[in-house]
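An overview of the molecular structure
The chain contents come next:
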Amino acid sequence: AFLVGAMPRREGMERKDLLSANVRIFKEQGQALDKVARKDVKVLVVGNPANTNALICSKYAPSIPKENFTAMTRLDQNRAQSQLAAKLGVPVKDVKNVIIWGNHSSTQFPDASNAVVTIGGVQKSVPEAINDDEFLKTAFVTTVQKRGAAVIAARKMSSA
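The present account deals with the structure reproduced in this document. (Residues numbered from 1 in each chain as written. Predicted model: local features only at pLDDT ≥ 70, side-chain atom pairs only at ≥ 80, totals over all residues. Heavy atoms only, no water.)

1. Observations concerning the environment of Ser58
Secondary-structure assignment places Ser58 in helix α2 (residues 50–59). Through-space distance from the C-alpha of Ser58 to that of Gln77 is 24 Å; in sequence the pair is 19 residues apart. Sequence-distant contacts of Ser58, that is, excluding residues within four places in its chain, are made with Lys66 and Phe69. Of the polar contacts made by the side chain of Ser58, one reaches the backbone oxygen of Leu55; its length is 2.8 Å. (Helix = DSSP H or I, 4+ residues; strand = E, 2+ residues; numbered from the N terminus. Contact = heavy atoms within 4.5 Å. Polar contact = N/O pair within 3.5 Å; in protein donor to acceptor, adjacent residues only side chain to side chain.)

Printed below as a string of structure tokens:
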């Protein structure tokens, strides 16, 4: 089951502002799955904040194993990889092993400590290649955390 619908964030809204609408949406989805889906159904939640929405959905589908629910937070990983690639002047495909910790929100933490980049056919660690701990601890983190808000400010609507 692919659950792609969620309340989109608008200008001036934080993720926490979406919780009441998304709780209603994913409560209903969980109840429907619990009632009619096979008990071995695999559920992929895409609507952000995806991991919170997946948790809500699973709570209202108690007959379906919790491990059958997952959330796709690839958007944040793509944003982090693109920031690192831009800083290094390489294609995004050459940056690997970036991790996003936490929820899809301004409190998430993009982690480049284990990331690697291929430059001129040679693989090296991203922190070594960038050689700018201040950037990795401040501008990189902040830019990824607030990218959704920047898109909303520019478009007057979410990236959805």
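Continuing now.
2. Some thoughts on the pairing of strand β7 (residues 116–119)
Looking at chain direction, strand β4 (residues 95–96) and β7 are connected through 2 bridges and run antiparallel. Across the sheet, Val95 pairs through a bridge with Val117, a residue of β7. Here β7 pairs with strand β8 (residues 122–125) via 4 bridges, running antiparallel. Bridge pairing links Thr118 to Gln123 in β8. Counting the residues between successive antiparallel strands, the hairpin from β7 to β8 contains 2 residues, one of them, Gly120, with a positive phi of roughly 60°. (Pairing = 2+ DSSP bridges.)

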